[in-house]
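# Structure assessment
Okay, here's what each chain looks like letter by letter:
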Amino acid sequence: MLRARDSIGMVDREARGRLLIAGSVALLGAAMLLSLSVGPTGITLASLPRVLVALFTGSDDAAVAREYLVLVDLRLPRTLLGAFVGASLAVAGAMMQGLFRNPLADPGLIGVSSGAALAAVATIALGNTFAAPWVKIFGVYALPFAAFFGGLAATFVLVSVAGRHGQLMVGTLLLAGIAIGALAGALTGLLSYTSDDRELRDLTLWSMGSLSGASWPKVIATLPFAVAVALAVPRLVRGLNGFLLGEAEAFHMGIDVEATKRLAIAISAAAVGAAVAVAGVVGFVGIVIPHVIRLIAGPDHRFVLPAGALLGAALVLVADVAARMIVRPAELPLGIIMAAIGAPVFLHLVTRRGIGGVE
Amino acid sequence: MRSLRHSARIMATLAFAAVVSGASVPATRAATVTDAAGRKVEVVDTSNILSIGGDITEILYSLGLEAKIIGVDATSQFPAEALKQKTNVGYLRALSTEGVLSIAPHLIIASASAGPPEVVKALKQTSVPYLEVEDGHSPEGVVEKVRFVAQVLDVSAEGDKLARQIESEFKALAERRGKIGKRSRAVFILGAQSGRVTVGGSGTSADAIFKLAGLDNVAASVNGYKPVVDEALVEMMPDVIVTMRRSSGTHDIDKVMGMPGMQSTPAGRANRAVVMDGLYLLGFGPRTPAAALDLMRQVYSDSAASGSTK
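A quick note: this is a predicted structure, and the numbers were derived from the prediction, not measured.

## Structural notes on the overall build of chain B
Looking only at helices and strands, one finds 14 helices and 13 strands in chain B. For chain B, buried positions account for 55% of its 310 residues. At a minimum sequence separation of 6, the contacts of chain B that also span at least 24 residues come to 58%. Accessible area of chain B: about 12,700 Å², with a carbon and sulfur share of 52%.

This is how it looks when you write it as structure tokens:
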């Protein structure tokens, strides 16, 4: 279990935390530059000045037009969305771990992932029959929208089931979350059982995650969520730090525990719902990134949340660069890369340093 | 910004020709083509084609246009040299926008099942002409695909020749089909996993090839490729089991024949199974009449169909 224990070494952790955030900013900056500069076309950021000049002078150079297309219409939205996905998943993971006081908690526990998966699978499997009107209205965005609302709907169901007398019982929430996840999983299984060969292929690809559909409309659609997460994080730091000591202790510290729980759940659901909508199922980030930060700087959410956002974004971007380069001009699913590069590093850290926050 | 993006669309074709292909002289012809999605697409340059879909690649090779292909997708497994000699842009349902653009095609001819939808949408918005082709699981569909591709590439004469040849093969096939006495009841099995087989129901390419080969599809009550339990398969009482050999060379016929209850079906008792290459059997390209005839001969080996062959 996580615990903000020692007062010895507190100063040390404070310094390490600040250093970590500074380092994370630098890492994310480097990852974004890498993501903008690397791709199968071989166009790099060296073309950027030309593109910018052309933008203002209205140049008609065809080569510049192609560079503009790749840099501005393909890689820039992809980089922004990758950063958003990584940051959202890591922050949501850190929040859930703080809320449930369990380092293995992830947003899946509040039903958002299973709800999103169910809605996405329904869109793929029923896209030609029952869900045809939905697909017709939203076109290529039918699946992302469905995933987002599915995630939110599942979370809403869970919160209404687990809430009693205006209170959210963390234990009930956890168990009800497992039950709702199982139910959504069963329905997802039923839908994939009745899917045909091609639909199954699509389902498999979606469940491995990818940023290949990145576009400016998607960036604009995720912007409100990015802003909401950024605004909510500072408000949650004190509450989640109180939770590290226990719910009763937090209450006695004068923290509004119910408000903290509701805000953390709402923000996680929105962030993960939007991330799943953009990139499909991308596992791993939500558990591993907060954990690595706790290993380095301890469980203080003043560091875990912002550094989580920065490092989560950096990890997804680096993984995505690998995804587009390894088998170019084809593309590997993001989830495969992430687990392949992240899991060994994580294993190394855990076996060397012990479980963060417990030690 | 708008004007630049707009001009980008118009000009990038020229850009690709000028910047990428360098010395090679582009085959220039300006024509407006209406594709299967109903989009009017300006085709300027037909060198450097990216072919997405096994059937389309096969048609391009049959028309002798392989020199114009620079890239294919992972389903383009016939002829075998396609995947060896051309750049592979990956599985047709999992394309990458920048990946596709990186091989600098001057023209993309793609199956209507290409995806994911966002990538196809983005590709259609670039200046590279993107032509969609219907999958066409019928003799008319195959002939139409051939004529469409030939027309786009300005080889209508060759296309006409190939189309006529395919038509006459389908006609000969239909005549043979007419001579079949008692039609065999067959089931197509896509694959078998742990006691569950995936059969080809109505509306599938397997169902379409069965019709051409003069077989009754006993799984017609199922819609699409669907898994069924062993009991349901036994109840279908097939006379013959048809399955496909995957590109890896593997097939599941032994698993199917070993399923409990199979011995009580006519196919199991007589051990009657046909294994054919997946793309050949289900691809609906130029080889489809031959594939249907092949299937017909193997099933009706002891009847009129084989008797009338040379």
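There is more to say after this.
## Some words on empty space enclosed by the protein
Applying the stated rule across the entire model yields one cavity of 30 Å³ or more. When its volume is computed, the largest cavity comes out at roughly 80 Å³. Lining the largest cavity, in full, are Leu74, Arg75, Arg78, Leu211, Ser212, Gly213, Ala214 and Arg324 of chain A together with Thr97 and Glu98 of chain B. Mapped onto the lining of the largest cavity, the elements with two or more residues apiece are helix 3 (62-100) of chain A together with helix 4 (97-102) of chain B. Of the residues belonging to the lining of the largest cavity, the class tally is three nonpolar, three polar and four charged.

## Considerations on the pairing of strand 4 (residues 69-72) of chain B
All names here are of chain B. Relative to strand 4, strand 3 (residues 49-52) is paired through three bridges, and the arrangement is parallel. Paired with Ile49 across the strands is Ile69, a residue of strand 4. The parallel pair strand 3 and strand 4, bridged by helix 2 (residues 54-62), forms a crossover whose chirality is right-handed. Of the pairings in the sheet, the one linking strand 4 to strand 5 (residues 87-88) comprises two bridges and is parallel in character. Bridge pairing in strand 5 places Gly71 opposite Thr87.

## Considerations on the confidence of the model for chain B
Detailed conclusions should not be drawn from predicted coordinates in areas where pLDDT is low. Residues and elements named next belong to chain B. Averaged over every residue, the pLDDT of chain B is 86; residues scoring 70 or more account for 88%. Contacts for the low-pLDDT stretch residues 5-26, under 50 throughout, to residues beyond four places or in other chains number 37 contacts. Confidence over residues 303-310 falls short of pLDDT 50; this stretch has ten contacts with residues more than four positions distant or in other chains.

## Considering the packing of aromatic side chains
With the rule as written, the count across this model stands at four aromatic pairs over all chains. Relative to Phe149 of chain A, the ring of Phe148 of chain A has its centre 5.3 Å away and its plane inclined at 70 degrees; by these criteria the two rings are edge-to-face. The positively charged end of Arg201 of chain A is found above the aromatic ring belonging to Tyr91 of chain B, 4.1 Å away from the centroid.

## Some thoughts on the interface of chain A and chain B
On the side of chain B, 40 residues touch chain A, which itself brings 36 residues to the contact. Buried surface at the junction of chain A and chain B, both sides included, amounts to about 3,200 Å², of which 64% is carbon and sulfur. The largest share of the area that chain A buries against chain B comes from Arg66, Tyr193 and Pro329 of chain A, three residues that together contribute 20% of it. The tally of links between chain A and chain B comes to three salt bridges. Between Lys218 of chain A and Glu118 of chain B there is a salt bridge, with the nearest N and O atoms lying 3.0 Å from each other. Where the side of chain A that touches chain B is concerned, the elements lending two or more residues are helix 3 and helix 8 (197-207) of chain A.

Cut-offs and rules
- Residues numbered from 1 in each chain as written.
- Chains lettered and ligands numbered in written order.
- Predicted model: local features only at pLDDT ≥ 70, side-chain atom pairs only at ≥ 80, totals over all residues.
- Heavy atoms only, no water.
- Helix = DSSP H or I, 4+ residues; strand = E, 2+ residues; numbered from the N terminus.
- Buried < 20%, exposed > 50% of the residue type's maximum accessible area, 1.4 Å probe, protein only.
- Contact = heavy atoms within 4.5 Å.
- Areas by Shrake-Rupley, 256 points an atom, 1.4 Å probe, with all protein chains shown as cover.
- 1 Å grid on protein atoms, 1.4 Å probe; cavity = no way out; pocket = protein on both sides within 12 Å on 5 of 7 lines; lining within 4 Å.
- Points joined across faces, edges and corners; volume = space filled by probe spheres on them.
- Nonpolar A, V, L, I, M, F, W, Y, C, P; charged D, E, K, R; others polar.
- Pairing = 2+ DSSP bridges.
- Right-handed = clockwise from strand over helix to strand, strands pointing away.
- pLDDT = per-residue confidence, 0-100.
- Phe/Tyr/Trp six-rings, centres within 6.5 Å; stacked < 30°, edge-to-face > 60°.
- Lys NZ or Arg CZ within 6 Å of the ring centre and 35° of its normal.
- Buried area = accessible area lost by both parts, 1.4 Å probe.
- Salt bridge = Lys/Arg side-chain N within 4 Å of Asp/Glu carboxyl O.

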